[in-house]
Structure formats: C-alpha cells, structure tokens
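# Results of the structural survey
So you can see what is in the structure, the chains are spelled out below.
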Amino acid sequence: MIKRRVPNCAIIGIAELTPVRYTDGATTLGLIAESVRLAVQDAGLDKEGIDGLLVGPQVGETPQHVPATVAEYLGLEPKVSNVVDLGGATAAGMLWRAAAAIEAGMCETVVCVLANTNERNGNPRSPNRNPIREFDVPFGASGANTSYALLKRQHMEEYGSTQEQFALIAHWARKNAQLNPNAIFYGKPLSVEEVLNSPLIIDPMHLFEIVMPVGGGAAFVITSKDNLPSGDHPPVFLLGAGEKITHRAVSHAPALESAPLSYAISAALGQAKVSVQDIDLLSLYDCYTSVVGVTIENAGLCALGKFGDWMKDHSFGHDGDWPLNTHGGQLGVGQADLAGGMSHIIEAVRQLRHEATSRQIRNAELALVTGNGATLSEATALVLGVES
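My aim in this report is to walk through the structure given alongside it, one point at a time. (Residues numbered from 1 in each chain as written. Predicted model: local features only at pLDDT ≥ 70, side-chain atom pairs only at ≥ 80, totals over all residues. Heavy atoms only, no water.)

## Considerations on the nonpolar core
- In terms of nonpolar packing, the biggest core is built from 56 residues, with Leu 282, Ile 296, Leu 301, Trp 310, Met 311 and Val 383 touching the most fellow members.
- At seven residues, helix H6 (residues 163-177) tops the list of elements feeding residues into this core.
- Apart from the residues lying within four places of it in its own chain, the contact partners of Trp 310 are Leu 282, Ile 296, Leu 301, Cys 302, Phe 316 and Trp 322. (Core = buried A, V, L, I, M, F, W, Y, C linked by side-chain atoms within 4.5 Å. Buried < 20%, exposed > 50% of the residue type's maximum accessible area, 1.4 Å probe, protein only. Helix = DSSP H or I, 4+ residues; strand = E, 2+ residues; numbered from the N terminus. Contact = heavy atoms within 4.5 Å.)

## A few points about the environment of Ala 91
- Structurally, Ala 91 can be placed in helix H3 (residues 90-103).
- Classification of Ala 91 as buried rests on a relative accessible area of 1%.
- Distance in space between the C-alpha atoms of Ala 91 and Gly 385 is 17 Å, their sequence separation being 294 residues.
- Every residue in contact with Ala 91, bar those within four places of it in the chain, is listed here: Leu 114, Phe 220, Gly 341, Met 342 and Ile 345.

## Some details on the packing of helix H5 (residues 144-159) against helix H9 (residues 289-298)
- Where H5 contacts H9, the two axes come as close as 9 Å, and the packing angle between them is 50 degrees. In terms of axis orientation, H5 runs oblique to H9. Our pair here, H5 against H9, has a crossing hand that is left-handed. Side by side, H5 and H9 meet where Tyr 148, Leu 151, Lys 152 and His 155 of the first sit next to Ser 290, Val 291, Val 294 and Glu 297 of the second. (Axes fitted to C-alpha atoms, helices over the stretch in contact; angles between N-to-C directions. Parallel < 35°, antiparallel > 145°, perpendicular 65-115°, else oblique. Left-handed = near helix turned anticlockwise from the far one by under 90°.)

## Quick look at the packing of aromatic side chains
- For the coordinates displayed, the defined rule picks out five aromatic pairs.
- With a centroid separation of 4.9 Å and an interplanar angle of 55 degrees, the aromatic rings of Phe 166 and Phe 307 are classed as tilted. Taken together, the positions of Phe 166 in helix H6 and Phe 307 in helix H10 (residues 307-312) put the pair 141 residues apart, joining distant regions of the chain.
- Among the residues examined, Phe 307 registers a relative accessible area of 0% and is labelled buried.
- Residues Trp 310 and Phe 316 carry aromatic rings whose centres are separated by 5.4 Å and whose planes lie at 50 degrees to one another, so their mutual orientation is tilted. For the pair formed by Trp 310 and Phe 316, the shared burial category is buried.
- Through a chain of ring-to-ring contacts, the aromatic side chains of Trp 172, Trp 310, Phe 316 and Trp 322 assemble into a single cluster.
- Over the aromatic face of Phe 185 sits the side chain of Arg 174, whose NZ or CZ is 3.7 Å from the ring centroid.
- Here the basic side chain of Arg 174 rests over the ring of Phe 208, its NZ or CZ set 5.2 Å away from the ring centre. (Phe/Tyr/Trp six-rings, centres within 6.5 Å; stacked < 30°, edge-to-face > 60°. Lys NZ or Arg CZ within 6 Å of the ring centre and 35° of its normal.)

## Thoughts on the sheet that holds strand S9 (residues 281-283)
- Spatially, the nine strands line up as an open sheet ordered S3-S2-S4-S7-S1-S8-S11-S10-S9, and their pairing is mixed. Lying at the two open borders of the sheet, with one neighbouring strand each, are strand S3 (80-83) and S9. Mean inter-strand twist for the sheet, computed between neighbouring axes without regard to direction, equals 25 degrees.
- The pairing of S9 with strand S10 (residues 366-373) spans three bridges and is parallel. For Ser 283, the partnering residue across the bridge sits in S10 and is Val 369.
- Of the strands in this sheet, strand S8 (236-245), S10 and strand S11 (378-385) are in contact with helix H8 (residues 260-272), which crosses S8 at around 150 degrees. (Pairing = 2+ DSSP bridges.)

## A few points about the environment of Arg 21
- Among the structural elements, Arg 21 can be located in the loop between strand S1 (9-16) and helix H1 (28-42).
- On the basis of relative accessibility, which here comes to 30%, the residue Arg 21 falls in the partly exposed class.
- Residues in contact with Arg 21, not counting those within four places in the same chain, are Asn 118, Ile 184, Met 212, Pro 213, Val 214 and Gly 215.
- In terms of polar contacts, Arg 21 uses its side chain to reach the backbone carbonyl oxygen of Pro 213, at 2.7 Å. (Polar contact = N/O pair within 3.5 Å; in protein donor to acceptor, adjacent residues only side chain to side chain.)

## Regarding unusual backbone geometry
- The omega torsion across Asp 203 and Pro 204 is 10 degrees, close enough to zero to call that bond cis.
- Relative to the elements of secondary structure, Pro 204 occurs in the loop between strand S5 (200-202) and strand S6 (205-206).
- Phi is positive for His 354, which is not a glycine, with a value near 60 degrees.
- Take His 354: it is sitting in the loop between helix H12 (339-352) and S10.

## Side note on the pattern of salt bridges
- Tallied over the entire structure, the rule returns eleven salt bridges.
- With a shortest N-O distance of 3.3 Å, Arg 350 and Glu 16 are connected by a salt bridge. Of this pair, Arg 350 sits in helix H12 while Glu 16 is found in strand S1, placing the two residues 334 residues apart along the sequence.
- The class of Arg 350 is partly exposed, set by a relative accessible area of 21%.
- Within this structure, Asp 42, Arg 353 and Glu 355 form a network of salt bridges that share partners. (Salt bridge = Lys/Arg side-chain N within 4 Å of Asp/Glu carboxyl O.)

Next up, the structure:
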C-alpha cells in the first residue's frame, strides 16, 4: 500500500452515464437510479450493502427532503444521508464527507450520486433569493459566463496572460476527448485558432472556452478498508482532502493568489504526505479555461501568472509528462450539471485501476482531483491512490 499515508477508505465502485445533449422524457430520479445501480454493480455489491447516501441539491422533481426522496426511490434505508451543495466541488466534497462518516462509525458503505436532465426547453429551477441577486446582478454580473469572464480578464490584466494561452487549455481538452468515445466532442478536435475564432460570448471569453451543458449522471461507492470486497477491481484509496470557501459573489472574491483552491490543494497534498510532483494524473475541474489556468498555478506547478508559459513546455495527454483531464475534462466531455464534477473522480479511478484503455497512463498510482463551485469560491481537492 502507498507508504505516504495509511488510508482508511477506498472507492470500490464507479458509474458514469454516457452524456447526451438533451434528455427529453427522462427524469433526474431515473438518472440517479441508473447511476447508483451501475456503481453498486461495479462494486460487486447489492443495495442491501449500502448504508449511506449522499446526493446533490435540487434533484429537479423535489426541492426539499431530497435524501428521503432518493432513498425511497432507490429502496435504501441509509444510516447516514445528506445533501452536499458545493456547486462544482460537490462530488469531491461528497467523497471526504462519506469517508468521515465511515471513520466516525456511522456507516460502512456509502453511495454518492449526482445526475441532471437537460431539456430542450430548459430545466425547472427554484427561485433564486441569494443576495447576489440584489447587489451584483443589477450591475450586469449575472450568470456564470459573466463571472468567469471577469476572472479571466483579471488574470490577463494582472499577469499579462494571453488569449492564446487560455485557448491552449481548450485545445488539450478536445485533444484528450478524442480518446474517449463517450465524450460529447468525440470526433471533434479543436485547434487553438478555432478557439480564438469562435464567437466571443462575453469579453474576453470565447464560446469554446465554455463548458457545454449536457444530461447525464454519475455515482461512486466508498467503504472502509476493513470492508473491502474481493472483486475484480483494485480499491482506490482516499489519501488526502482539503476544502475552503471564501465568498459567493465574484465581487467579493479574494486576490487570485489567495483563491481557496490554493489552500484546498495544499491541504490535500499535505494530508496525503505527497508533493504535487508525485502526482501521475491532474484531474482538474474545468468548467471554463480560466479555472484551469488558476488551478495549475494554485497547485504550485508554476509561479503565479505563468500557467501559459508552463503549458507550452509540457504535454498533457495520457502519454505526456503531465497528464491533464485525460478523458477530455468537462470542456471535452460536457457538463451534466453537478455530475460533471464527478467525472473527474470517475476518470481518476479508471486511471488508477488501469481501466482507461487507449488513454491509460503508464504506472499511474496517484491522482489529484479538484472541484470548484460558484466562481472559484467553493474549493475541494482530493488525492487518490492505489497500492504500489
């Protein structure tokens, strides 16, 4: 087992539904059920072996009593259940919370699930009473595109980063997606020039720097090291975790060097007793290119403001010196709402179990996974590993 830290919990089952552009006629509960069924099957268990349940917020049909609704639908009677709401950091936040519940003796085996429909005419949403609606939105700061464009503009103004450098992130996402038949952009590579020539959605953010909403779902099963089944898959252990929230509205965001990901990543690496140089896979949350650039810097892979120069000196495919989002990330696969963030965990597990087929990283043992909610405000980082 990895000698850097003795792990207590491991992922033993995963599932990810193939993303689709639209899910007309499907229900969120139906996608949740299928994701859980496949993850439990992958773990070699039946549902009676599950005694913990973590789900995301607002499952579409039911804005309240969510764990009870999902548990009833799945036929589960969990000893521990909760809603985890950290935006795009939800999946990563679920993992360490499930491990904490297991280590506290509250339960033994937890299923974590996220899913989302994507209707042609839009999905039902509850009223938004967040203070951001009063103090930011009236001045035009409405929606994720605006907030992440402001983040990108800030980076360009403070550090001199260029459009070409951000476009390189989108290029690599699409390039890696060409080895993932389930990616929404499989068969559709993208050059830096094509990124720069795509429509400018909100200055300075181009269309192909923005994640595409899709429908889909994902789930994983985690259990204690004393409860590992004898199955076909090696367990993937949680070695370290870190989390921090600094703000909600982008107008209240701290300086880029103090972004919460810097703390979360440092905490996860420290808990795992490894350095970022030990990592075999960077599975970094990538709803926008600006997030990836800042995350690379916050991880200590290069100096602040230098992600562009760093990227020009490295290769990010499965056979490169710094494999990054080898499944294509959300920019290549698509974002099934909060389940999009779980795709980074699923890919890390596939790589560490050596089940990534044509995109398999040689001798992969350690992965860094990040999650990002709101606008670089809700940050979670994980270090996952397997026996060496």
